[in-house]
Amino acid sequence: MFLVGLTGGIASGKSTVAAVFRELGCPVVDADQIARQIVEPDSPAYWAIVRSFGEEILLEDKKINREKLGNIIFTDVEKRQLLNSITHPEIHKAMLKQIFKYFIQGYRYVILDVPLLFETNKLARFMKHTVVVYCDPQAQLTRLMKRNSLTQAEAERRIGAQMPLEQKRKLANHVIDNSGDSVSTYRQVCKLHSQLEDSLDFLAVRLLAVVTLTGIGGLLCILIKRCIF
Ligand code: ADP
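A brief structural summary. What you see is a predicted model; the values in this text were computed from it and never measured.

**As for the sheet that holds strand β5 (residues 174–177)**
Spatially, β2-β3-β1-β4-β5 is the arrangement adopted by the 5 strands of the open sheet, whose pairing is parallel. Only two strands of the sheet have a single neighbouring strand rather than two, namely β2 (28–30) and β5. The average angle at which neighbouring strand axes cross in this sheet is 25°, direction not considered. In this structure, strand β1 (residues 2–8) lies alongside strand β4 (residues 129–134), joined through 5 bridges in parallel fashion. Bridge pairing in β4 places G5 opposite T130. Contacts between helix α10 (residues 182–198) and the sheet are confined to β1, β3 (109–113), β4 and β5, with β5 contributing the most and set at about 160° to the helix.

**Focus: the site of the ligand**
Lining the immediate surroundings of the ligand are 14 residues, of which A11, K14, S15, T16 and R147 lie closest. Measuring from an oxygen atom of the ligand, one finds a backbone N or O atom of S12 at 3.2 Å. Contacts to the ligand include T16, whose side-chain N or O atom sits 2.5 Å from an oxygen atom. For the ligand, whose unbound accessible area comes to 560 Å², protein coverage reaches 71%. For the shell around the ligand, the elements supplying multiple residues, two or more each, are α1 (14–23) and α7 (137–148). Here the element with the most residues in the shell around the ligand is α1; it accounts for 3 residues.

**A look at the nonpolar core**
Grouped burial of nonpolar side chains is what soluble globular proteins tend to show. Judged by nonpolar contacts, the single largest core of 38 residues is most densely connected at V29, I49, M95 and L112. Elements supplying a minimum of two residues to this core: α2 (31–37), α3 (44–53), α4 (66–75), α5 (77–104), β3, α6 (117–120) and β4. Taken together, domain 1 (1–27 + 107–149 + 161–198) and domain 2 (28–104) each give at least three residues to this core, which thus spans both. Setting aside chain neighbours within four positions, we find L112 in contact with L3, V4, G5, L6, V29, M95, I99 and M127. By size, the runner-up hydrophobic cluster in this structure holds 18 residues, among which are V4, A18, Y109 and V189.

Cut-off values and rules
Residues numbered from 1 in each chain as written. Predicted model: local features only at pLDDT ≥ 70, side-chain atom pairs only at ≥ 80, totals over all residues. Heavy atoms only, no water. Pairing = 2+ DSSP bridges. Helix = DSSP H or I, 4+ residues; strand = E, 2+ residues; numbered from the N terminus. Axes fitted to C-alpha atoms, helices over the stretch in contact; angles between N-to-C directions. Contact = heavy atoms within 4.5 Å. Near = heavy atom within 4 Å. Polar contact = N/O pair within 3.5 Å; in protein donor to acceptor, adjacent residues only side chain to side chain. Areas by Shrake-Rupley, 256 points an atom, 1.4 Å probe, with all protein chains shown as cover. Core = buried A, V, L, I, M, F, W, Y, C linked by side-chain atoms within 4.5 Å. Buried < 20%, exposed > 50% of the residue type's maximum accessible area, 1.4 Å probe, protein only. Domains from an automatic or database assignment.

As structure tokens, this is what we get:
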């Protein structure tokens, strides 16, 4: 099995492309969804955040007020690092669990849907392939304004706060151009899916697993024989 990192810019169409991959039967690990799950009330990360940021970070129903937390870490680098040190290990653990499950199920590749794949760079080095969902600046602006009911200035500010999509495009192995209609995007995803399915990259990890399991099995046999005789 091998890992494929999927990323993009805000409203460039990453979720739309991830949905097509799912439709084609590919497992998709969603980093954003996991980031929300690991801070659910009573989880270890939840209590660590409450200890570090105080109860004023909670909503009335005791869930974490993500917007308030987001505003705090937006301006305070130390607090951002503190929050990352709490959440990142938990996110990575949960992602690994899902990846392992898909490996056992025999999938050839797993899509990791990570919005900040290139910005954080921690995960990018584990990806065999990286895919950027690109769309032209005008389409991105229009779609963001429509989806989030934003003014042009608000939408431009959100896009401007991110790594430029052009830069991400240069860093990726594959680009899905979502500037056109959904049919054109669907076709590109199907083509990439066939390419990834046909790739023999999955063999390396399977071979490693077989060698490791054979080694452990052999070692156990030796130990059992010694205990019996
Ligand atoms: P992201 O996950 O990158 O933020 P989305 O997949 O949510 O982006 O797409 C942003 C918005 O643009 C959504 O409202 C979506 O329905 C719309 N959209 C995505 N792709 C297209 C397309 N090819 N044509 C028209 N609208 C699109």
